[in-house]
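What follows is each chain in one-letter form.
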Amino acid sequence: MIGLKRGTVKLMSHQEEWDKNAKNVIEILFEILKDITVDIQHIGSTAITSIHAKPIIDIVVGVCDLNDILPYVESLKHHDFIYHGEDVVGQMLFVMGDFEKDIRTHHIHVVKWNGTDWNNYVNFRDYLNVYPEKAMVYDNCKQKLAMQFPNDRKNYTAGKKELITQLLKEASRWRAEQ
């Protein structure tokens, strides 16, 4: 299953379908954005095999300059990637889903390649895939918050912030030692 009603929280165990779907979407994005893309990666909890995740695929697109994406907004829209602007400072967001039913299936984050956001996304995913005991700490936090806030994504996300900050610091140190 891929997709979740906007604002809700429902966690599922890892699905092979997520990896296959992410790969297909990445191929489409590479085809459309080949002239401006440095790299595209499957990120977020659906890319961490040992934990539960909301069934929304997160993908990060690395570009040299965020403004490079702007001429591609219409082309992306023709492939059902809907532009949501700069949702977080330094990131452009595109969303896929069934908007009539208010369901989101994919979040495409366009960021500066090898910048802080890019490195945080990739390091976090890789660190938790290499260290399952750290992934379990994160998973336990997520499951507790999902039970507490099934219809309140903002509080669910806010509840993870402190742990994510700690894990990002660890992941950054780990990457530097590689």
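This section reports on the structure supplied with the text. Keep in mind that what you see is a predicted model, and the values were worked out from it rather than measured.

1. A short note on the side chain of T8
Right, on to step 1. Of note, T8 is situated in the loop between strand 1 (4-5) and helix 1 (16-33).
Right, on to step 2. Beyond its immediate sequence surroundings of up to four residues, T8 is in contact with K54, P150, N151 and R153.

2. Notes on the pattern of salt bridges
Right, on to step 1. What the rule picks out here adds up to six salt bridges.
Right, on to step 2. The residue R104 makes a salt bridge to D102 at a minimum N-O spacing of 3.4 Å.
Right, on to step 3. A relative accessible area of 8% places R104 in the buried class.
Right, on to step 4. The closest approach of N and O atoms between D126 and R125, which form a salt bridge, is 2.8 Å.
Right, on to step 5. Relative accessible area serves as the criterion here: at 19%, D126 is assigned to the buried category.
Right, on to step 6. A single network of salt bridges, built from pairs that share partners, joins R6, D102 and R104.

3. Let's talk about the packing of helix 3 (residues 116-130) against helix 4 (residues 132-148)
Packed helices, taken two at a time, are described by the angle between their axes plus the distance between the axes.
Right, on to step 1. Relative to each other, helix 3 and helix 4 sit at 110°, their axes nearing to 5 Å. Viewed along their axes, helix 3 and helix 4 adopt a mutual orientation that is roughly perpendicular. Here helix 3 contributes F124, Y127, L128 and V130 to the contact with helix 4, which in turn contributes P132, K134, A135 and Y138.
Right, on to step 2. Along the lines of polarity and charge, the residues of the contact of helix 3 with helix 4 split into seven nonpolar, no polar and one charged.

4. Focus on the environment of V63
Right, on to step 1. If you trace the backbone, V63 turns up in strand 3 (residues 57-63).
Right, on to step 2. Once the C-alpha coordinates of V63 and W118 are considered, the two residues, 55 residues apart in sequence, prove to be 9.7 Å apart.
Right, on to step 3. Ignoring any residue separated from it by four or fewer positions in sequence, one finds V63 in contact with I36, T37, V38, V110, V111, K112 and W113.

5. Observations concerning unusual backbone geometry
Right, on to step 1. Non-glycine residue D102 carries a positive phi angle of around 60°.
Right, on to step 2. Within the element layout of this structure, D102 appears in the loop between strand 5 (91-98) and strand 6 (103-112).
Right, on to step 3. Residues other than glycine seldom take positive phi values, yet N114 does so here, at roughly 65°.
Right, on to step 4. Among the structural elements, N114 can be located in the loop between strand 6 and helix 3.
Right, on to step 5. Residue classification places N114 among the partly exposed residues on the basis of a relative accessible area of 45%.

6. Some details on the side chain of D126
Right, on to step 1. Along the polypeptide, D126 turns up in helix 3.
Right, on to step 2. If we ignore the near neighbours within four places in the chain, the residues touching D126 are W174 and R175.

7. Observations concerning the packing of helix 3 against helix 5 (residues 153-176)
Right, on to step 1. The interhelical angle for the contact between helix 3 and helix 5, taken along N-to-C directions, is 85°, at an axis separation of 9 Å. Classed by the angle they form, the pair helix 3 and helix 5 counts as roughly perpendicular. Packed against helix 3, whose contacting residues are N120, V122, N123, F124, D126, Y127, L128 and V130, the element helix 5 presents I164, L167, L168, E170, A171, S172, W174 and R175 at the interface.
Right, on to step 2. Taken together, the residues of the contact of helix 3 with helix 5 sort by class into 10 nonpolar, three polar and three charged.

8. Concerning the pairing of strand 5
Right, on to step 1. Counting buried residues in strand 5 gives six out of eight residues, a clear majority hidden from the surface.
Right, on to step 2. Examined bridge by bridge, strand 4 (residues 82-88) and strand 5 share four bridges and lie antiparallel to one another. The partner of G85 across the bridge, within strand 5, is L93.
Right, on to step 3. Where strand 4 folds back on strand 5, the antiparallel hairpin that results is connected by two residues, among which G90 adopts a positive phi of roughly 85°.
Right, on to step 4. In terms of strand pairing, strand 5 meets strand 6 through seven bridges, oriented antiparallel. In the sheet register, D98 faces strand 6, and the bridge partner there is I103.
Right, on to step 5. With antiparallel pairing between neighbouring strands as the criterion, strand 5 and strand 6 make up a hairpin whose turn holds four residues, including D102 at a positive phi of roughly 60°.

Rules behind the numbers
- Residues numbered from 1 in each chain as written.
- Predicted model: local features only at pLDDT ≥ 70, side-chain atom pairs only at ≥ 80, totals over all residues.
- Heavy atoms only, no water.
- Helix = DSSP H or I, 4+ residues; strand = E, 2+ residues; numbered from the N terminus.
- Contact = heavy atoms within 4.5 Å.
- Salt bridge = Lys/Arg side-chain N within 4 Å of Asp/Glu carboxyl O.
- Buried < 20%, exposed > 50% of the residue type's maximum accessible area, 1.4 Å probe, protein only.
- Axes fitted to C-alpha atoms, helices over the stretch in contact; angles between N-to-C directions.
- Parallel < 35°, antiparallel > 145°, perpendicular 65-115°, else oblique.
- Nonpolar A, V, L, I, M, F, W, Y, C, P; charged D, E, K, R; others polar.
- Pairing = 2+ DSSP bridges.

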